[in-house]
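# Summary of structural features
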Amino acid sequence: MSTKTELQQLSSKSKSSILAKLKAQVSGADYSKLPVEMAYEYPELSHQQQLELFTNNLTANHAQVINTSKESIERIVAEELSKRNLNKILIGTNSEYKDGLSAQLEVQEYDFDLQQNKPYLFNEVAASLSTSLCSIAQTGTIVLWPDENEPRTLSLVPPVHFVIVDAQKLYPSFSDVLVKQKWQQNMPTNIVFISGPSKTADIQQTLAYGAHGPKELVVLLINV
Amino acid sequence: MLNIHEQESKYAESARKFRKNVDRDLANQELRSNFRGAMDYLMDKRKTAFPEQDELETLRRQAQLIKQRCLLKLPHLLEELEQNLTKNGIHVHWAETPAQANEMIAQLIASKKGKTVVKGKSMVSEETALNDYLEQRDIECLESDMGEFIVQLAKEHPSHIIMPAIHQNKKQVADLFSGNINDFEHTTDVDALIQQGRKTLREKFCNADVGISGVNFAVAETGTLCLVENEGNGRMCTTVPDLHIAITGIEKVVEHMADIPPLLSLLTRSATGQIISTYFNMISSPRKKGEKDGPEEVHLVLLDNGRSQAFADDELRQTLQCIRCGTCMNHCPVYTRIGGHAYGTVYPGPIGKIVSPHMLGLEATSNLPTASSLCGACGEVCPVKIPIPKLLLRLRKESVKPESQQPVIMKGQGSGRTTLEASIWKAWSLVHKVPALYRLSMFMVTRFRFLIPNKLGGWTSVRTAPKPAARTLHERLRERK
């Protein structure tokens, strides 16, 4: 096998060669004369219409959407878990819902490093709760911006994922989110869009849920 | 001195057998019915996903212009991408050939003493035949996309770029699982089959040292790798193992984050008729200090593999606009009948016919551009408006152009040229240029028409032999005067 240094040299040689070939073709290109890229103008929707679209899209994708108030979150999570014969939930650290949930459920905080705790997360955690950054009506999408408190695997590995969505942070489309929130200026480690539970149609075009990620996505939509 | 063994791609060999493969697969009734069912389903799904023609056409035009702009700026965007990825802590490697890419990936895995790899869906890693390469080095590389997992168990290749196991039905999958997975209770229930896959693969995600993924879009301005998927295996591969290696073609870079929404919308709706995939995953750095999961190291391997050849010609460059949605195969009457394996290449169907000649050379692939009725469906549905039928004609021309004719645009130029065919066309053109010759030949054809044999090879296998008229049209018109 080649050594690391040899491969670095090879990579930089390949880089020069590829770039030289490409540059030879477009060196004189005039970028000021590019044609105008027209975007499609979607009809404007009221907040109520957007909420409906958001909910319908998510429901069509097999997610469960529950309209609720901020105060009822803990109660609803406990109720939904007990319907599934569960009484434990994994949540992020520094969660404002910790105390309310602890009163009714066995709560575990994601206060560990994944590396040493993979078997625990994969085999013992049945449900998790996370918050979200914002959401998108046009596609029924929930935007998660994982961080130290709510790691990436919190919304991925447990079979049931509860996610709290604030109806006030609903945007019409992905493009609108970029215009308003300007992510381009400072991207986090990871952003993930979730639009339903994990699924696949890889066997004879038959939809099956719970391929590798959560089998169930329960959306707690704070709407009052 | 670096000793990277450059050998001819195994796909070149299988592409050469195209005609044989077609005969084999056309005769397979089960295969044909699997493809027919799947293509009807996918065409229907796409149709429902674009209810407004006006929206579809505006989006297609916008996406075409976005990709053309990004290609015009490609070398600069690649440099910007590398700069921003590096700033974010992601390492970038450049490979001109599949062999180089494989060697780089093997070296990265070895540096972590990795033994087990989980891979999310990546067609570029199929180009490099990465699984075979790693297997030879005693590294287990397990496909984790359900379709790819099935294909790997069956020791096959994907027959469709979006739905890799589309050639198999649930009964075949059940039999495959029975033969390969211990404790599997035979069932043709799709939910149960998927749950079996989930169980097997979750163990692997939990224990793998390395995750490998493809990339759907790489954003230059932010240094971000975007992955589109439904299953969650892509997120697993890019989040759970300590080392994440992404591999992609150099044409996948876009300039701005704002370029993504229209491309993403067209990609998922064209591919599977979904308004969006279940997950859209944007990765901009390895795990930062204080974060509790995510890989410690992230690498991106940028692969050329013939793309710069397509780039060098204004018309052929449009090949690189492709966002790999697969809708051209879903709508192709040839693909639907012969299936994905007959092509023998990584990318089957219309896009495969225009991209494979750049990767494998025209010598191995000169049959592919001819396997089209030029009905135009592929070009009509392409979300980035690649004029596929036009490019097929162009490739046909390149493959019969004299080898010596300058400039040489493609590897294998002229390899489809035969002396017989070339002489026939030369004679044809001469006859049509010289009036006396034309009249003489018409005289001969009409008077000696009884000499035309009844059997004319492939032509008469499903048709009667053509029979010229007794008099030419010119003659008959003259007689009327």
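Here the structure is a predicted model, which is why all the values come from computation and not from measurement. (Residues numbered from 1 in each chain as written. Chains lettered and ligands numbered in written order. Predicted model: local features only at pLDDT ≥ 70, side-chain atom pairs only at ≥ 80, totals over all residues. Heavy atoms only, no water.)

### Some thoughts on the overall build of chain B
Heads up, the rule is: Runs of E in the DSSP output that reach at least two residues are strands. Runs of H or I that reach at least four are helices, and both are numbered from the N terminus. Throughout, the radius of gyration refers to the C-alpha atoms, and the reference size of a globule is 2.2 Å times the residue count to the power 0.38. Using a 1.4 Å probe on the protein chains alone, a residue whose accessible area is under 20% of its type maximum counts as buried, one over 50% counts as exposed, and one in between counts as partly exposed. Here, two residues are considered to be in contact whenever any of their heavy atoms come within 4.5 Å of each other. Using a 1.4 Å probe, the Shrake-Rupley method yields the accessible areas, and only the shown protein chains count as cover for residues.
Across its full length, chain B carries 23 helices and 10 strands. A globule of 481 residues ought to have a C-alpha radius of gyration of about 23 Å, and chain B, at 25 Å, matches this closely. Seen through its principal axes, chain B has C-alpha atoms that stretch 95 × 55 × 55 Å. For chain B, with 481 residues in total, the buried portion stands at 59%. Long-range contacts, defined as pairs at least 24 residues apart, comprise 73% of the intrachain contacts of chain B with a sequence gap of at least 6. When the accessible surface of chain B is summed, it comes to about 20100 Å², and 53% of that surface belongs to carbon and sulfur atoms.

### Some thoughts on the sheet that holds strand S6 (residues 141–144) of chain A
The following threshold applies: A pair of strands is considered paired only if DSSP assigns at least 2 bridges between the two.
Overall, mixed pairing links the 8 strands, which are arranged S8(A)-S5(A)-S6(A)-S9(A)-S9(B)-S6(B)-S5(B)-S8(B) in an open sheet. Edge positions in the sheet fall to strand S8 (170–171) of chain A together with strand S8 (253–254) of chain B, since each has one partner strand and no second.

### Here's the deal with the side chain of glutamine 318 of chain B
All names here are of chain B. Threshold: For the purposes of these results, a polar contact is taken to be a pair of N or O atoms within 3.5 Å, where, inside protein, one atom must be able to donate a hydrogen and its partner to accept one; residues adjacent in sequence count only when each atom of the pair is a side-chain atom.
For glutamine 318, the location among the structural elements is in the loop between helix H14 (307–311) and helix H15 (327–330). For glutamine 318, the side chain forms a polar contact with the main-chain oxygen of glutamate 315, separated by 3.1 Å. Beyond its immediate stretch of four places on either side in the chain, glutamine 318 contacts Gln68, Ile386, Pro387 and Leu391.

### Side note on the packing of helix H4 (residues 53–72) of chain B against helix H13 (residues 260–272) of chain B
All names here are of chain B. Threshold: Angular values range over 0 to 180 degrees, each being the angle between N-to-C directions of two axes fitted as lines to C-alpha atoms, with helices fitted over their stretch in contact. By the definition adopted for this analysis, an angle is roughly parallel if under 35 degrees, roughly antiparallel if over 145, roughly perpendicular if from 65 to 115, and oblique otherwise. For any pair of crossing helices, the crossing counts as left-handed if the nearer helix is rotated counterclockwise from the farther one by less than a right angle, and right-handed if it is rotated clockwise. Side-chain classes are defined by residue name, with Ala, Val, Leu, Ile, Met, Phe, Trp, Tyr, Cys and Pro counting as nonpolar, Asp, Glu, Lys and Arg as charged, and the others, Gly among them, as polar.
Two elements in contact, H4 and H13, have axes whose closest approach is 9 Å; the angle formed by their N-to-C orientations is 120 degrees. The pairing of H4 with H13 is recorded here as oblique in orientation. Crossing hand, H4 versus H13: left-handed. On H13, the residues that touch Glu55, Leu56, Leu59, Arg60, Gln62, Ala63, Ile66 and Lys67 of H4 are Pro262, Leu263, Ser265, Leu266 and Arg269. When the residues that make up the contact of H4 with H13 are grouped by side-chain class, the tally is 7 nonpolar, 2 polar and 4 charged.

### Focus on the side chain of glutamate 143 of chain B
All names here are of chain B. Relative to the helices and strands, glutamate 143 resides in strand S3 (residues 140–143). One polar contact links glutamate 143 to asparagine 131, side chain to side chain, over a distance of 3.0 Å. With near-sequence residues (within four places) excluded, glutamate 143 lies in contact with Lys119, Gly120, Glu126, Asn131, Glu148, Phe149, Gln152 and Leu201.

### Describing the interface of chain B and chain A
Applied cut-off: A simple way to read buried area is as the amount of 1.4 Å-probe accessible surface that goes missing from two parts once joined, with both sides added. One side-chain nitrogen of Lys or Arg within 4 Å of one carboxyl oxygen of Asp or Glu is enough to make a salt bridge.
If you look at the interface, chain B gives 107 residues, while chain A gives 84 residues. Contact between chain B and chain A buries roughly 8300 Å² in total, counting both sides, with carbon and sulfur atoms accounting for 60%. Contact with chain A buries area across many residues of chain B, yet Trp94, Arg235 and Lys292 of chain B alone supply 9% of it, more than any other trio. Here chain B is connected to chain A by 6 salt bridges. For glutamate 79 of chain B, the salt bridge is made with lysine 23 of chain A, and the minimal N-O distance between the two is 3.1 Å. Our count for the chain B to chain A interface comes out at 47 residue pairs in polar contact (both at pLDDT 80 or more).

### Focus: the sheet that holds strand S7 (residues 160–166) of chain A
Residues and elements named next belong to chain A. Taken in spatial order, the 6 strands line up as S1-S12-S7-S4-S2-S3 in an open sheet, and their pairing is parallel. Bordering the open sheet on either side are strand S1 (64–68) and strand S3 (106–109), each of which pairs with just one other strand. Here the average twist between neighbouring strands, direction ignored, is 25 degrees. The pairing of strand S4 (residues 127–130) with S7 spans 4 bridges and is parallel. Looking at S7, one finds that serine 128 is bridged to histidine 161. Its contacts with the sheet place helix H2 (residues 47–60) against S1, S7 and strand S12 (216–222), and it is angled at close to 165 degrees to S12.

### Concerning the pattern of salt bridges
For side chains bearing opposite charge, pairing can occur when the charged atoms are close. All names here are of chain B. In this structure the tally under the stated criterion is 38 salt bridges over all chains. Between arginine 307 and glutamate 127 there is a salt bridge whose closest N-O contact spans 2.7 Å. Of this pair, arginine 307 sits in helix H14 while glutamate 127 sits in helix H7 (residues 123–127); the two residues are 180 residues apart in sequence, bridging distant segments of the chain. Across the pair glutamate 315 and arginine 394 runs a salt bridge whose closest N-O atoms are separated by 2.9 Å.

### What about the packing of aromatic side chains?
For the record, the criterion: Only the six-membered ring of Trp is used, alongside the rings of Phe and Tyr, when aromatic pairs are assigned; centres must lie within 6.5 Å, and planes under 30 degrees apart are stacked while those over 60 apart are edge-to-face, with the rest tilted. In our convention, an over-ring charge means Lys NZ or Arg CZ found within 6 Å of a ring centre and within 35 degrees of that ring's normal.
Under the counting rule described, the total for this entry stands at 16 aromatic pairs over all chains. Ring centres of tyrosine 110 of chain A and phenylalanine 112 of chain A lie 4.4 Å apart, and the angle between their planes is 20 degrees; on these two criteria the pair is classed as stacked. By the burial criterion, tyrosine 110 of chain A is buried, and phenylalanine 112 of chain A matches it. Here the aromatic rings of phenylalanine 174 of chain A and phenylalanine 193 of chain A are separated by 4.8 Å at their centres, their planes lie at 70 degrees, and the arrangement is edge-to-face. Linking phenylalanine 174 of chain A in helix H6 (residues 174–181) with phenylalanine 193 of chain A in strand S9 (residues 190–194), this pair joins segments that are 19 residues apart in sequence. An identical accessibility class is assigned to phenylalanine 174 of chain A and phenylalanine 193 of chain A; each is buried. Between arginine 317 of chain B and the ring centre of phenylalanine 311 of chain B, over which it is positioned, the NZ or CZ distance is 4.3 Å.

### Focus: the packing of helix H3 (residues 29–49) of chain B against H13 of chain B
All names here are of chain B. Following both chains from N to C, one finds H3 and H13 inclined at 140 degrees, their axes separated by 6 Å at the closest point. Of the possible angle classes, the one that applies to H3 and H13 is oblique. Across the interface between the two elements, Leu42, Lys45, Arg46 and Ala49 of H3 pack against Arg269, Ser270, Ala271 and Thr272 of H13. Partitioning the contact of H3 with H13 into residue classes produces 3 nonpolar, 2 polar and 3 charged.

### Details of the nonpolar core
Cut-off, in case you're wondering: The term nonpolar core refers to a set of buried residues drawn from Ala, Val, Leu, Ile, Met, Phe, Trp, Tyr and Cys, joined through side-chain atoms within 4.5 Å.
The biggest cluster of nonpolar side chains holds 128 residues, and the ones touching the most others in it are Phe174, Trp183 and Phe193 of chain A together with Ile260 and Met282 of chain B. Ranked by residue count, the leading element in this core is helix H6 (residues 98–111) of chain B, at 7 residues. Ignoring any residue separated from it by four or fewer positions in sequence, one finds phenylalanine 193 of chain A in contact with Ile136, Thr141, Ile142, Val143, Phe174 and Trp183 of chain A together with Ile276, Thr278, Tyr279, Phe280 and Met282 of chain B. Judged by nonpolar contacts, the second largest core, of 37 residues, contains Val125 and Leu156 of chain A together with Phe177 and Met236 of chain B.

### A closer look at H13 of chain B
For the α-helix, the turn length of 3.6 residues means that residues three or four positions removed from each other point alike. Residue and element names in this part refer to chain B. The criterion, for reference: Helices are assigned an expected span. That span is 1.5 Å times one less than the residue count.
Its 13 residues place the ends of H13 18 Å apart at the C-alpha level, agreeing with the 18 Å of an ideal helix rising 1.5 Å per residue. Burial analysis of H13 places 13 of its 13 residues in the buried class, which makes it a mostly covered element. Of the residues flanking the end of H13, it is glycine 273, one or two places downstream, whose phi is positive at about 75 degrees.

### So, the environment of phenylalanine 174 of chain A
For phenylalanine 174 of chain A, a relative accessible area of 8% puts it in the buried group. Separated by 36 residues in the primary sequence, phenylalanine 174 of chain A and glutamine 138 of chain A place their C-alpha atoms 8.1 Å from one another. Those residues in contact with phenylalanine 174 of chain A, other than ones at most four positions away along the chain, are Ile136, Trp183 and Phe193 of chain A together with Ile260, Pro261, Leu264, Phe280 and Met282 of chain B.

### Here's the deal with the UniProt feature "domain: LUD" (unreviewed entry) in chain A
Note the threshold: UniProt positions are given in the numbering used here, feature names are shortened, and annotations may be inferred rather than shown by experiment.
UniProt tags residues 51–222 of chain A as "domain: LUD" (unreviewed entry). Between the end C-alpha atoms of residues 51–222 of chain A the distance is 11 Å, and the span holds 26% helix and 28% strand.

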